[in-house]
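# Inside the fold
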Amino acid sequence: MMKNGRRYFAGIIAGLILPYALACHISAPFADLALRRLSRPAMLALHRLTAPVAFPIAELTGLLLLAAALLSLATTACRAALRKSVAPLGRWLRSAARVALPLAALLILLWLPPCAVTPEDLPAPPEAEPLAWLCGELIDALNGAPLRFSAPDAILRQAPEIAGMPECVVKSARYPEWMRAVHISGLFVPLTGEALVDAGAPTPLLPFTAVHELMHLAGVADEGAANIAAWERCLAAGGEFADSARLWALRCAMGQLKQSDEAAWRRVRGKMKDDLSAVFQQCNGEAAPAASSQPALRLSPGDYGALVGYLASRLSA
């Protein structure tokens with residue numbers, strides 16, 4: 001009876017989620033409706049539940065699940081070795097699937113609609129000449145900026161107001177080593193509604209990163225569209241948030257330019273004043289990859305570097 005109940009439970013989840021996922025993929029109006037009426041309100045509700053807890057719930061849950069899975073697997077492997085049978089491992093896999101299935105279904109329910117909503121057509125990556133011109137414009141703006149940034153805690157407190165979501169919070173990862181291992185400085189977790197950042201990342205990039213993660217909470221899944229939305233918010237706010245957005249865009253644009261025309265990259269790089277050059281190096285700008293490169297861990301579609309094409313087309317218009 002218990003086994004049949006588990007099978008029925010799995011069948012019910014699959015029977016509900018699969019048509020939902022298919023409808024999101026084939027019908028843009030359905031995906032948009034699911035985003036507005038289900039996904040976004042649910043993620044905001046989860047955010048309100050987890051926000052009062054200073055420790056990131058996603059990190060705690062992930063650690064507990066990983067520890068439980070490893071301990072259970074080690075115990076099962078020992079039993080399988082003693083019995084000289086793979087049957088215990090098969091039972092372990094079935095148990096792991098019963099835990100993973102509801103989590104996967106919830107992730108699809110919450111995060112598939114924003115992923116399926118296609119953003120407006122974004123401009124293609126610019127050629128070397130407009131790219132060099134964009135880098136020069138960003139450098140000119142940053143050469144005249146104070147380039148002074150608040151402490152990470154102060155930045156994270158201010159970011160929700162800048163993002164137009166004053167009731168929300170951005171949390172600092174308690175164990176940021178895992179973020180550094182997969183080369184990310186921020187992550188939005190749909191299952192808990194939490195926006196997480198690595199507060200130990202270069203401080204000049206932190207304001208833009210925090211606002212970017214809040215754009216995901218607002219329902220913008222596409223990475224390029226989230227960058228553009230965060231850019232608009234940060235530029236409207238001015239100050240250190242605008243400087244952070246320009247620095248992020250400059251790293252991205254300079255990475256593209258270095259790959260397409262290294263001589264032009266050197267000419268543009270020489271325009272940086274000493275203060276900007278020091279901050280650019282602090283942000284690992286010299287080694288910044290091309291914007292088409294993606295981090296090892298990502299939950300969202302889209303090209304992070306779409307902001308560069310957007311800015312090149314907008315500033316040249």
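Data block above holds the structure.
What comes next concerns the included structure. Quick caveat: nothing in here was measured; it's all calculated off a predicted structure.

### Thoughts on a nonpolar patch on the surface
- A cluster of nonpolar residues, L65, V99 and L103, forms a patch on the protein surface that exposes about 240 Å² of accessible area.
- Along the chain, the position of L103 falls in helix 4 (residues 87–116).
- Taking the relative accessible area as the measure of exposure, L103 reaches 37% and is therefore partly exposed.

### Details of the sheet that holds strand 1 (residues 171–172)
- Strand order in this open sheet of three strands is 1-3-2, and the pairing throughout is mixed. The sheet terminates laterally at strand 1 and strand 2 (186–189), the two strands that pair on one side only.

### Observations regarding a positive patch on the surface
- Together, R79, R83, R91, R94 and R98 line one region of the surface with positive charge.
- Of all elements in the fold, only helix 3 (57–83) and helix 4 reach the threshold of two or more residues within the positive patch.
- Counting through the fold element by element, R91 comes out in helix 4.

### A short note on the environment of A264
- Relative to the assigned elements, A264 resides in helix 11 (residues 262–269).
- Note on A264: relative accessible area 5%, which makes it buried.

### So, helix 8 (residues 206–217)
- In this model, helix 8 (twelve residues) spans 17 Å end to end at C-alpha, consistent with the 16 Å of a helix rising 1.5 Å per residue.
- The buried fraction of helix 8 amounts to twelve of the twelve residues, a majority that puts the element mostly inside the structure.
- Three or more residues of helix 8 are buried, namely L206, P207, F208, T209, A210, V211, H212, E213, L214, M215, H216 and L217.
- Note on helix 8: the residue one or two positions beyond its end, G219, has a positive phi of about 105°.

### What about the nonpolar core?
- Counting 62 residues, the largest nonpolar core has V211, L214, W231, L250 and L307 as the members making the most contacts within it.
- For L307, the contacting residues outside a window of four places in its chain are F208, N227, I228, W231, W248 and A249.

### Quick look at the packing of aromatic side chains
- Under the criterion given, the structure shown has four aromatic pairs.
- With 6.1 Å between their ring centres and 65° between their planes, F55 and Y175 make a pair best called edge-to-face. With F55 in the loop between helix 2 (28–50) and helix 3 and Y175 in the loop between strand 1 and helix 7 (177–181), this pair connects stretches of sequence that are 120 residues apart.
- The exposure class of Y175 is partly exposed, given its relative accessible area of 41%.
- Residues W111 and F188 carry aromatic rings whose centres are separated by 5.5 Å and whose planes lie at 50° to one another, so their mutual orientation is tilted. Here F188 lies in strand 2 and W111 lies in helix 4, a separation of 77 residues in the sequence.
- Judged by relative accessible area, F188 falls into the buried class, the value being 3%.

Reading the values: the criteria
Residues numbered from 1 in each chain as written. Predicted model: local features only at pLDDT ≥ 70, side-chain atom pairs only at ≥ 80, totals over all residues. Heavy atoms only, no water. Patch = residues over 30% accessible without salt bridge, like charges linked within 9 Å, V, L, I, M, F, W, Y side chains within 5 Å. Areas by Shrake-Rupley, 256 points an atom, 1.4 Å probe, with all protein chains shown as cover. Salt bridge = Lys/Arg side-chain N within 4 Å of Asp/Glu carboxyl O. Helix = DSSP H or I, 4+ residues; strand = E, 2+ residues; numbered from the N terminus. Buried < 20%, exposed > 50% of the residue type's maximum accessible area, 1.4 Å probe, protein only. Pairing = 2+ DSSP bridges. Lys, Arg positive; Asp, Glu negative; His and termini not counted. Charge placed at Lys NZ, Arg CZ, Asp CG, Glu CD. Expected span 1.5 Å × (residues − 1). Core = buried A, V, L, I, M, F, W, Y, C linked by side-chain atoms within 4.5 Å. Contact = heavy atoms within 4.5 Å. Phe/Tyr/Trp six-rings, centres within 6.5 Å; stacked < 30°, edge-to-face > 60°.

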